[in-house]
Amino acid sequence: MKIEKEQILSDNKKDIGVHEESFDFLANSLDRKGVDVHKVIKDLSDFQVAIPSWALGAGGTRFGRFSYYGEPANLEQKINDVGILHALTQTAGAISLHIPWDIPEDYKAIKELATANGLVFDAVNSNTFQDQKNAKESYKFGSLSNTSKAVRDQAIAHNNEVIKIGEKLGSKSLTVWLADGSNFPGQHNFQRALQHTQDSLQEIYATLPEDWKLFIEYKPYEPNFYSTVIQDWGTSFMLANACGEKAYTLVDLGHHLPNTNIEQIVSTLMMQGKLGGFHFNDSKYGDDDSTVGSVKPYALFLIFNELVYGMNNNPQNPYPAWMIDASHNIKDPLEDLIQSLEAIQEAYAKALLVDQEQLKLAQEKHDVVLCQEILQQAYRTDVRPLLERARLNVGGALHPIKAYRSLGVRGNLIQARGKHSIATGL
Ligand code: AOS
Ligand code: ZN
Ligand code: ZN
């Protein structure tokens, strides 16, 4: 199942008139405010977000899992799914693989398939939170932090293997997320667990190719409920510094305790040149991994405001790696991802509209009211016509969800793959 350019073009025709009217209206009013509309549209078209291979099937909880039907059953089908997303949105130009769930059999064929779908391989993800078939050692009590050297060595070797797989695909980064932690007070010696983790990460870092980055993800709780070894950005930042200049912190929006000021964390990390990667999702409680922008769109905008500021003012920080990290329990995963991509683009567009010069002046005058007005002026703008134009310019769909449905994508996938195919992985 592949979506052809002509299909999108002809589907767009239905709505082009309405689009042009709303775009002209918005573009004129932004123009009057001194916004370079063409630059905003170009920035939006250029913005690409990686899709994780594990978000393409219906996720589940420990209470059950309900298939969404026609799920991708292998790596080829996952790449095809991301190709569909990219064809419609022109925003999903990369896929992030999880090893061992996605080990390619034929590297050449997989790379060709990705290229044919307009995709590159983003960060590769290691997995030391599950025991693999025939593994000698178990991760039940941790991996890189384990008290047992044999377990740590196995986990380090796995990460080195993941780097090798990524190299063959053209990836340029490794993301390490550790489930390591303790469930009960007294179970861990915090210092020894952290020391082991640092030593292990340094060993992995030592084998990192010259042009690669290491992303260290943090998370306050789950699957461990008393302590997590890499629990917060400070711990990740410290470990990244202990590894070296190619190591960075990765921020996953869901990995914060309620009401944490994530935009401030983003800002601090960029000032220090250590924000390497980003996992988008949204949540009401914890790591709910729900659709980006579905619960706290204003918070997302504030985060993007800091990201835009950082990208313009912090040359010491590399361009961050963007990825969605989500899990879909009841929605069609592809529709959910389209909604997430749209929310990301919307927050980004609004952040691009913030008048940074006026904001700086208002901050210096301590005009608190005006500061808020400037932010909310941008936030309250309906930027959707800009997103539509950004997609249109590069061959995407005016309205991706609508096009996805009118092209009957899920029905075709079910027909091709069968109703009961199940995605590998989470
Ligand atoms: C886990 O909570 C983290 O968000 C990871 O980034 C990711 O979901 C995991 O590596 C997928 O297996
Ligand atoms: Zn994540
Ligand atoms: Zn997570």
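Note that the structure is predicted; figures quoted are calculated from it, not measured.

Undergrad: Talk me through the overall build of the protein; I want residue IDs and the actual numbers.
TA: Along the backbone of the protein there are 16 helices and eleven strands. Radius of gyration (C-alpha) of the protein: 22 Å, near the 22 Å computed for a compact globule of 426 residues. By principal-axis analysis of the C-alpha atoms, the protein measures approximately 65 × 60 × 40 Å. Buried residues in the protein amount to 47% of all 426 residues.

Undergrad: Tell me about the site of ligand 1, and name the residues and values.
TA: Around ligand 1 lies a shell of eleven residues, among which Asn-125, Trp-177, Glu-217, Asp-252 and Asp-325 are the nearest. Each residue belonging to the shell around ligand 1 can be placed in one class, and the counts come to three nonpolar, three polar and five charged.

Undergrad: Please set out the packing of helix H2 (residues 16-32) against helix H14 (residues 384-393) residue by residue, giving values where relevant.
TA: Closest axis-to-axis distance for the H2/H14 pair is 9 Å, and the angle between their directions is 120°. By crossing handedness, the relation of H2 to H14 is classed as left-handed. On the side of H2, the interface is formed by His-19, Ser-22, Phe-23 and Leu-26, while H14 contributes Pro-385, Leu-386, Glu-388 and Arg-389. Split by residue class, the contact of H2 with H14 holds four nonpolar, two polar and two charged.

Undergrad: So what's going on with the pairing of strand S5 (residues 173-176)? Which residues, and what values?
TA: A two-sided burial pattern is seen for S5, the buried positions comprising Ser-173 and Thr-175 on one face and Leu-174 and Val-176 on the other. Read from strand S4 (residues 124-125) through helix H6 (residues 149-169) to S5, the crossover connection turns out right-handed. In this structure, S5 lies alongside strand S7 (residues 213-217), joined through four bridges in parallel fashion. Across the sheet, Thr-175 pairs through a bridge with Phe-215, a residue of S7.

Undergrad: Which residues make up the packing of helix H3 (residues 37-46) against H14, and what values do they have?
TA: At their nearest, the axes of H3 and H14 sit 9 Å apart, and the two run at 65° to each other. Pair H3 / H14 crosses with right-handed handedness. When H3 is examined against H14, the residues Val-40, Ile-41, Leu-44 and Ser-45 are found in contact with a partner set consisting of Leu-386, Leu-387, Arg-389, Ala-390 and Asn-393. Split into classes, the residues belonging to the contact of H3 with H14 amount to six nonpolar, two polar and one charged.

Undergrad: Explain the environment of Ser-227 residue by residue, including any values.
TA: Positionally, Ser-227 belongs in strand S8 (residues 227-228). C-alpha separation for the pair Ser-227 and Phe-184, spaced 43 residues apart in sequence, amounts to 7.8 Å. Those residues in contact with Ser-227 that sit more than four places away from it in its chain are Gly-181, Ser-182, His-188 and Phe-190.

Thresholds applied
- Residues numbered from 1 in each chain as written.
- Chains lettered and ligands numbered in written order.
- Predicted model: local features only at pLDDT ≥ 70, side-chain atom pairs only at ≥ 80, totals over all residues.
- Helix = DSSP H or I, 4+ residues; strand = E, 2+ residues; numbered from the N terminus.
- Rg over C-alpha atoms; globule rule 2.2 N^0.38 Å.
- Buried ≥ 20, exposed ≤ 12 C-beta atoms within 10 Å, placed from the backbone.
- Near = placed C-beta within 6 Å.
- Nonpolar A, V, L, I, M, F, W, Y, C, P; charged D, E, K, R; others polar.
- Axes fitted to C-alpha atoms, helices over the stretch in contact; angles between N-to-C directions.
- Left-handed = near helix turned anticlockwise from the far one by under 90°.
- Contact = placed C-beta atoms within 7 Å.
- Right-handed = clockwise from strand over helix to strand, strands pointing away.
- Pairing = 2+ DSSP bridges.

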